[in-house]
Amino acid sequence: MSADMPKITYIEYGGREHRVEVPLGRSVMRGAVENNVPGIDADCGGECACATCHVYVDEGWLGVTGTPTPGSQEASMLSFAALGQPNSRLSCQLKVSEALDGLIVRMPEGQH
Amino acid sequence: MSPPLDNAVHTKADSIPLDSIDVSDPRLYQDDVWYPYFARLRHEDPVHYCRASLYGPYWSVTKYKDIMQVEVNHQVYSSASELGGIAVEDQPKDMDRPSFIRMDPPRHDEQRMVVSPVVAPGNLANMEGLIRERTGRVLDGLPRNETFDWVDRVSVELTTMMLATLFDYPWDDRRQLTYWSDVAIANVRSPESPVHSEEEKFAELTKMAEALGKLFQERAQLPPKFDLLSMLAHGEATRNMPFREFMGTLSLLIVGGNDTTRNSMTGGLMALNEYPGEYQKLRDDPTLIPGMVSEIIRYVTPVIHMRRTAKEDSEIGGKTIKKGDKVVMWYVSGNRDPEAIDDPDNFIIDRPRPRQHLSFGFGIHRCVGNRLAELQLRILWEEIMQRYPVIEVMGPATRTYSNFIHGIRSLPVRIPA
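Predicted model only: the values in this text are computed from it and were never measured.

Undergrad: Whenever I open this one, the sheet that holds strand β4 (residues 147-149) of chain B confuses me. Can you help?
TA: What holds strands together in a sheet is hydrogen bonding between their backbones, with the strands either parallel or antiparallel. Residues and elements named next belong to chain B. Strand order in the open sheet formed by three strands is β4-β12-β9, with antiparallel pairing between adjacent strands. Unpaired on one side and paired on the other, β4 and β9 (392-393) mark the two borders of the sheet. When β4 meets strand β12 (residues 412-414), the two strands line up antiparallel, connected through three bridges. Its bridge partner lying in β12, Thr147 is registered against Arg414. Taken strand by strand, helix α7 (residues 150-167) contacts β4 and β12, and its axis lies near 45 degrees from that of β4.

Undergrad: Before we go on, may I ask you to explain the interface of chain A and chain B in this structure?
TA: Note on interface size: it is often stated as the accessible area lost on association of the parts. Facing the 20 residues of chain A at the interface are 21 residues of chain B. Interface area, chain A with chain B, both sides summed: about 1600 Å², of which 59% is carbon and sulfur. Put simply, chain A and chain B have four salt bridges between them. Where Asp43 of chain A meets Arg355 of chain B, a salt bridge forms, and the shortest distance between an N and an O atom there is 2.6 Å. For the side of chain A that touches chain B, the class distribution of residues is eight nonpolar, eight polar and four charged.

Undergrad: Honestly, the pairing of strand β5 (residues 305-310) of chain B in this entry has me stumped. Any pointers?
TA: Residue and element names in this part refer to chain B. Among the six residues that make up β5, six are buried, leaving the element largely enclosed by the rest of the structure. Residues His305, Arg307 and Thr309 of β5 are buried on one face, and the alternating residues Met306, Arg308 and Ala310, pointing to the opposite face, are buried as well. Strand direction decides the pairing type here: β5 and strand β8 (residues 326-330), joined by five bridges, are antiparallel. Opposite Arg307, over in β8, you have Val328 as the bridge partner.

Undergrad: So what exactly am I meant to see when it comes to the nonpolar core here?
TA: Note that soluble globular proteins tend to have their nonpolar side chains buried in a common cluster. All names here are of chain B. One finds Phe167, Leu212, Leu250 and Leu372 to be the most contacted residues of the largest nonpolar core, which totals 74 residues. For Phe167, the residues in contact, after removing those within four places along its chain, are Arg219, Asp227, Leu228, Leu229, Leu250, Leu253 and Ile254. Formed by 40 residues, the second largest nonpolar core is a distinct cluster that contains Val138, Val293, Val300 and Tyr388.

Rules of the game
Residues numbered from 1 in each chain as written. Chains lettered and ligands numbered in written order. Predicted model: local features only at pLDDT ≥ 70, side-chain atom pairs only at ≥ 80, totals over all residues. Heavy atoms only, no water. Pairing = 2+ DSSP bridges. Helix = DSSP H or I, 4+ residues; strand = E, 2+ residues; numbered from the N terminus. Contact = heavy atoms within 4.5 Å. Axes fitted to C-alpha atoms, helices over the stretch in contact; angles between N-to-C directions. Buried area = accessible area lost by both parts, 1.4 Å probe. Salt bridge = Lys/Arg side-chain N within 4 Å of Asp/Glu carboxyl O. Nonpolar A, V, L, I, M, F, W, Y, C, P; charged D, E, K, R; others polar. Buried < 20%, exposed > 50% of the residue type's maximum accessible area, 1.4 Å probe, protein only. Core = buried A, V, L, I, M, F, W, Y, C linked by side-chain atoms within 4.5 Å.

Below, the structure is given as structure tokens:
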């Protein structure tokens, strides 16, 4: 069935790319963790409670992923992440769908 | 740690009536006998109401997932100093010392963001060389074949140096910072406490705020630099703090910046001595150190609990929490919850998912210095393993009389010649 799975590209801070198939409905964070992609710690396990699965969404994909709703838990956690940018997201909050097939995310210098 | 507890402790924990269990008693932590009480609560009454304690009635939240639920809901579970703050024991009303850990958004957020860059990844990379060089020097100076106190010679020394650097504090006076840290966390009812009343504690912390206030004023006149006092002095949200808030903020940064890491530095060595098989794994493969550091932090759980106050009626684990109730999240218990962590009572340096523990808290108040703490511990163990394959614990540790900071006051050790 893997042919049907959306493909996500994770780019490490150093530039190394990982192209991974992630099942529909999984989070982008899980996709990294389950495929041993380094650079995403996910200390809280996907509860939107730690900001250690921080990624930068490729500019071309921001229209699809959107940005966190102001005042939401994600926006609040991201506001404390070091190195936040306008295209920052917590990857535990990005659910993989067909629309995200081809998504590109980049890792920050470090998770904090 | 998890020493084999004598049967009397188990029997007592298992036989006293459920509603007379009061896990806020600091003796449980000083005597290191808290385990069976929480095991029973997790099993029989995971969200437990204690009607009467020295600190008044309070709820205990003992399971990992219930603690997480409280952590992420700061709208309902407040940290505000005015409501009582973050410890089961309130600070006396006329002497309370607010700081961002004792605030809710938006003020919490504004103040936290002033100091967080000092412990962000970029700055940590800058500090790594300095920390390594100092750690090596402290380790090289240790005696051989002679019993000495690991806490004083290593844990306090290294964390005090770190603190002096973070504050850019006069180097030769740096142990003053450690003293204030000990004052700030002191339980004034303990005979070993450096202060013996809340008034005396307030007076000593006033001296701290005056001494550091002088440096703060000087740095306010100078261009901003990358130390905590300068950052506070130039930060929009922090440069005009009322005096008691300044006291509270300094206490927070001093305690957070050293005491927790100090106790992990000691607790890790104890754990390795309790589990010789794990110590051997470490000798065989020092690349296990980063995962071991997380496991040490989980196993030691340097902060015993955090408290919140309910701002409205709510439900946790099927129990109704009323507006105004004190809700205590017992991190020591959540970190031993077998539903969240496999084989949680054992120290396992290569366990899977070692970063998933509660020791740093979660949500908006998650420990801002967590990465610095991990860095210091990683460097410490890397440098130890370069020099000393064996460090023996020679006798029991003495512990702090506190239900909040999981402190280790002394630990006799010996490095074989």
